[in-house]
Amino acid sequence: MTRRRTAARALIALTSLTGVACLAAAPAAAMPDTAAPAPPTGIHVTKISSSSFTVAVHTAAHAKKYRVYVATTRKALAVANLGHDTVMSASKHPRITVKGLRYRISPYYYRVETLNGARRKFSLPAASIGLRPAMPTGLAATSNSHGTSLTWNSVNATGFTVEQATDAGMTQNVKKYRIIGQENQFTPYGLTDGSTYYFRVRSMNSGTPSAYAAPVTATVTTNEQPVSVMTYNVLEAADDGRSEGGSTVAPWSERGPVAASLIQQANPDVIGAQEAASWVGVPTPARQIDSLTAMLGGEYSLADTEIPPGQPHHLRTGVYILYKSDTYQAVGQGGHWDIGNTRWAAYQVLQNRSTGAKFLFVSAHLAFPAGAAADRQRETETNNLLSDAGREANGLPIVYVGDFNSDQWAGHAFNGPAIAMRAASVDDAYDVAQTRVHARYNTADGYRRTPPMNGGRIDYVFAQRGVAATSWDLVMDLSHGKFVGTIPSDHNPLVSNLLFPY
């Protein structure tokens, strides 16, 4: 006796997805045929909504039924894990629609099956799809002395596409930018002062786009100043000889030249250094940052952000700023802030010697414990940092770099600094950069000979809205996926190319 399922029961099976949901189609009566069906071919999605998608399949020889299985994980689509749900009629050109799915920003996985009685064949491997996200609303373009930027209302999506053109029809001089994450702002670049541009944006969900929002326009009123910035936690020399990551931390006398070589390889204009306060004795007395500056051969100057050694009330903060003195000059007195919990941030206004363009550069190092309480602590530290920098900048563009000790992985209930920065209209360079190098590696390698590849990021470059970030590059010298020679630090230097308005 054949048991028929109701439409309601089928919908419950689809929306729960505790195991696997599927829809299938059964053909009309045909001559007896016991041959194995041909495997599914020509599989493609023809329609996607926020709660459903339709799969088209080529007609397969000997197939009497076509079934689509849907799950939230690939593992659930292994043959041993598959369940059986709704069956529907077949057609000459099968199109199977999976309905009642809950919208999510993680992909769904699907697999197609052809059947002839008890004999069946599957598509390999399982494919993935994102449901269609909502279109962004409230798109606005702003251009003033703080730069040209776009904002829109937040949308639950995995990213966005921003399209730029020089005509309202979006056909002339078209340029596209791809953004990762749930951002709601973007700073375009390569713009000409006095020119008018048109912009539109759409949401993305695992490769599935929404419709574009209606275009908005802006006339640019500033120039762009390129600057390459780096953040690098060089690992305190006080940790020399300690066991970490299955290795013994080499002495600074060996690590320092390798760190300097990586910096010279990347050739940044400005560097924010952390964990560089240890006394190393060469030259005497010398902080680790003094030693590193000397190893860079005079190309970089050290910003005056703390009372230097030998002076009354000297304090070593461990956070420093180096800049190319032939390209930039320090403006006014730099300094440092206690951002809470005896954590420090160094700051300095820098001016390009050729154009006169100025910006405030900040190097920070936040608390490191794991857990939700520490995440809240880092969020507070970041808010303190934002407040201090806002007062110091006096309207200048701001760039923040440093070891923020927060990521999206284990040990963190949430990313407090990222939440605070986004609320303050400050972008993570990783999210908005159009090129990323070594992005699969963790920014902190734990002093392991084979660096971890979870994509964990605790080192950041953050740029205030109006400051564009074009690239994100983790600087690593690897051979067959391993560090060779002396490992300079348990962090990797991170460099980003930025453009700030002037």
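For the structure, check the block above.
The following refers to the structure shown. (Residues numbered from 1 in each chain as written. Predicted model: local features only at pLDDT ≥ 70, side-chain atom pairs only at ≥ 80, totals over all residues. Heavy atoms only, no water.)

Below, the discussion takes up the packing of aromatic side chains. The full count for this structure, using the stated rule, is 14 aromatic pairs. A ring pair is formed by Phe 53 and Tyr 110, whose centres lie 5.4 Å apart and whose planes are at 55°; its orientation type is tilted. Placement of the pair is Phe 53 in strand S3 (residues 53–56) and Tyr 110 in strand S7 (residues 108–116), with a sequence separation of 57 residues. In this pair, the class of Phe 53 matches that of Tyr 110, namely buried. Taken together through their ring pairs, the aromatic side chains of Tyr 328, Phe 359, Phe 361 and Phe 500 make up a single cluster. Lying over the aromatic face of Tyr 430, Arg 436 brings its terminal NZ or CZ to 5.1 Å of the ring centre. (Phe/Tyr/Trp six-rings, centres within 6.5 Å; stacked < 30°, edge-to-face > 60°. Helix = DSSP H or I, 4+ residues; strand = E, 2+ residues; numbered from the N terminus. Buried < 20%, exposed > 50% of the residue type's maximum accessible area, 1.4 Å probe, protein only. Lys NZ or Arg CZ within 6 Å of the ring centre and 35° of its normal.)

This part covers unusual backbone geometry. Between Leu 124 and Pro 125 the backbone carries a cis peptide bond, its omega angle lying at -10°. Mapped onto the elements of the fold, Pro 125 is located in the loop between strand S8 (119–122) and strand S9 (127–129). One non-glycine residue with positive phi stands out, namely Asn 267, at about 60°. Relative to the elements of secondary structure, Asn 267 occurs in the loop between helix H2 (252–266) and strand S21 (270–274). Classification of Asn 267 by relative accessible area gives partly exposed; the value is 38%. Phi is positive for His 313, which is not a glycine, with a value near 65°.

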